[in-house]
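Observations on the three-dimensional arrangement
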Amino acid sequence: MSNQSQDKKYMPEIPQKEIDELRKSIKATSQKVMADNIARMKKTSNNRPEAMQYFDEVADFFGKREKEIRAAKEAGKKVVGYMCLFAPTELILAADAIPVRVNSGWYDTAKLGDRVVPVEVCPVIRSTIGAKMIGLSPYLELSDSLISVLTCDGQTKLGEILSDYKPVWSMPLPRVKDSAQSLRFWREEIMTVKKQIEALTGNKITAKKLRSAIERTQKATKAFRRLQDLRKGNPVIMGRDAMLVNQTYMWDDITRWTEKTEALCDELEKKVTGKEWVCSPDAPRVMVTGTPMIWPDNWKLPTLIEEGTPQGVIVADELCSGERLLYDPVGVDEWSMDDMFNAISERYLMASTCPCFTSKDGNEDRINWLLNKVKEWNIQGVIYYVIRGCMLYAMEYTRVKKVLDRINMPVYYLDTDYTREDVGQMKTRVEAFLEMLAARIDL
Amino acid sequence: MLIEILAEILKITVLAGLTIAGILAVLIWKKGLATKVTYLRFVVQAVSFAAIFYIFSNPIPLLYVVGVIFIMPIFLGRFFCGWLCPFALYMDLITVIRKAFRIRHRTLPDKLNKFLHNFRYAIFLFFLALPLVLYLIDPPPTLDFTIALALLLAGPFKPLSVLLGPIITLIVPWVGPLEIGGIYFSYPYVQEIIDYSAEIGLTAVNLGQILSIVFVVLTVIGSVLLRRVWCRFCPTGSSIAVVNRLRGFKWAPVLHLDKDEEKCTKCGICKRVCPVQVTEVYEQKGGKIATSMCMLCFRCVEMCPYEDTLKVNIGRKTIFKSRNWLKPSESE
């Protein structure tokens, strides 16, 4: 190996001892935070579904699933990490590799990321850089390769920075999705990534394998949408629990995740018939939209909403760490290789409501989808959640606010950072909003 | 006499019975929501095929058939093209075979597709104008309304039968172009090709037969490459747009497609699955889909994964709408 390839373009040289110490202390904090979050979720929810037990276990970053992936890797399987949900998981599955999403939600590693990028940069990016610096995230460490989709500025450079350690496949994304040439371009990118996945795994993606992979994710989408639909009525599951279910999809085995989610939905349906609600049906129904909220640390907003006085309940979200992950199915018309690739490219590019897109009508798809969700899920208030540095979501707020004002929907802009210091201040803000919602409902 | 009437009633009953049995069979047998309507369409097409054969075997003036085909679209849009036309059935069957061989289909550039769509009017007018051309070349001794009408309907260039071209069944109850074992076989437009060739007067080289074979081969290959290739410029399917473009006739299409703007994520599935590449369902923001290209086959409604986004309405009543097709079908 030449020296040049080992030269890190971005990452600082940190003594191994310091790395080990940092990892040890941050891991310990993280384990505490995870246990604490789950304990609080159990406490808040009356009649918490039994089936959540499984998701509580999988949610543990340093537990069962890590060991499983490690064992699979030893048996010869490859792991492909991805940083945006635009990465075609179907192709990874079809090549018999394991897809894992590696965006980081750790607060403590965000501070480490400051050594590489300025503090103005989105904390999701800083935190992921920090996690890589000390090798904290098992899924990021286990990834053989990373798919970096160039959506926002942060993600674009994150891929570049992480390429200090691992091969990174960049997938540029057209910013205007509503045109034939964009779709053609994106399809070419998908084909390129397909070849790279094949080269990495040594498995050829055949029509049969791809079909089976698509059918697996379709089943997952089915279970996922069933869960979302169950949240339309009186609360049978707390928003945090549902969000945790959604997030575990990012690293769990997809078939098993689907089974467990279906089992959860079966249990929830029984609760609907038995009228066993998890909290008061009068609790304000809140939707969160904006920057992704990533397990385990960045759980403060949902916690504040659902543990506040008055208690609110998150019944829907428009987050790329939540609803957007799986709601849209891959719609295959004919099971030919060609059409399957068309379907995959369209599902990832066209159905997405990511704010990185624009068109002659602006990002109208997102506006329409928000309006639809507000009506379908009987939302009583929207919290527009932005972490500092997340430009795209912050900039779209004005438009979203205007549209929601028109239908008389309260919306609250909440900005924060990857830090625990502002929890007290945030609590006041969230509770004031919830109180206002509760007062509106009483009227 | 009585026996004949009874036999007719029996035939109609058998047809109706077949329709109901076929539809029920599909409803019970096909659980996948994403293909159910497609299978239903095959049943309806097959029954329509039999019904058209039955109509042909009666001495019903073809003028009435043309009348029905041209008045129906005013209210039902091109429902006939999507669900009843026999030529469409042949093309759909070829599609099924193509799918079985895992061969991909091609698409035309949108501009060319739109051009072909408008080109159909040129074809339509060409055939209507042919009798006039004939009149100018070879003026009849007296100008008489009856003669003019006779020329138009039954003259050597029969525009009427050209318009009926696509609904020719494969087996015809009259002397058709091809006889095997006493049964006459035909194919859309083949009879017209033979007649026209004879009119041109090149019978010596069997021009009619050669052209017919070329036509059959071309349409078969064409429908392997492109779904519903003929429907893109078929002159018979041209009537609806003319009516709908007139002011004051917006109410006319009773059967229509509606789109809910807010529920649509513009995922593009409707555009991709459309057999004739209609883009309006995708592009139009919401409301009544106004295009004469749409054959109302409802494939887009069937494949749209967002509940209630696309709706098929008769008047104000919704008869079919898009739904989450991932769900297993509830018994209907």
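Residues numbered from 1 in each chain as written. Chains lettered and ligands numbered in written order. Predicted model: local features only at pLDDT ≥ 70, side-chain atom pairs only at ≥ 80, totals over all residues.

Structural notes on the overall build of chain A
Each helix and strand in chain A was counted, giving 18 helices and eight strands. For a compact globule of 443 residues, the expected C-alpha radius of gyration is about 22 Å, and chain A comes in at 21 Å, within 12% of that figure. With the C-alpha coordinates aligned to their principal axes, the bounding extent of chain A is approximately 70 × 55 × 45 Å. Of the contacts formed within chain A by residues at least 6 apart in sequence, a portion of 75% connects residues at least 24 apart. (Helix = DSSP H or I, 4+ residues; strand = E, 2+ residues; numbered from the N terminus. Rg over C-alpha atoms; globule rule 2.2 N^0.38 Å. Contact = placed C-beta atoms within 7 Å.)

Some points on the domain arrangement of chain B
Residue and element names in this part refer to chain B. Looking at the assigned domains, one finds that chain B contains domain 1 (1-60), domain 2 (110-232) and domain 3 (254-332). With seven residues of domain 2 at the contact, the number on the domain 3 side is six residues. The residue makeup of the side of domain 2 that touches domain 3, split by class, is one nonpolar, two polar and four charged. (Domains from an automatic or database assignment. Nonpolar A, V, L, I, M, F, W, Y, C, P; charged D, E, K, R; others polar.)

A look at the sheet that holds strand S3 (residues 145-150) of chain A
Two pairing modes exist for strands in a sheet, parallel and antiparallel, and in both the strands are linked by backbone hydrogen bonds. Residues and elements named next belong to chain A. Overall, parallel pairing links the four strands, which are arranged S2-S1-S3-S4 in an open sheet. Of all the strands in the sheet, just strand S2 (98-101) and strand S4 (168-172) have a single pairing partner and so form its edges. With strand direction ignored, the average angle separating the axes of adjacent strands in the sheet is 25 degrees. Alignment of strand S1 (residues 79-82) against S3, held across three bridges, turns out to be parallel. Opposite glycine 81, over in S3, you have leucine 146 as the bridge partner. Against the sheet, helix H10 (residues 180-201) contacts S1, S3 and S4, and its axis sits at roughly 165 degrees relative to S4. (Pairing = 2+ DSSP bridges. Axes fitted to C-alpha atoms, helices over the stretch in contact; angles between N-to-C directions.)

Details of the interface of chain B and chain A
Across the boundary between the two partners, chain B contributes 20 residues, which contact 25 residues of chain A. Among the elements that line the side of chain B that touches chain A, the one with the most residues is helix H12 (residues 269-273) of chain B, at three residues.

A look at the sheet that holds strand S5 (residues 310-314) of chain B
Residue and element names in this part refer to chain B. Taken together, the four strands give an open sheet; going across it, the order is S4-S3-S5-S6, and neighbouring strands pair in antiparallel fashion. Every interior strand has two partners, whereas the edge strands, strand S4 (287-288) and strand S6 (317-321), have only one. Of the strand pairs in this sheet, strand S3 (residues 255-259) and S4 are connected by two bridges, and their pairing is antiparallel. Pairing of aspartate 258 across the sheet is with lysine 288, part of S4.

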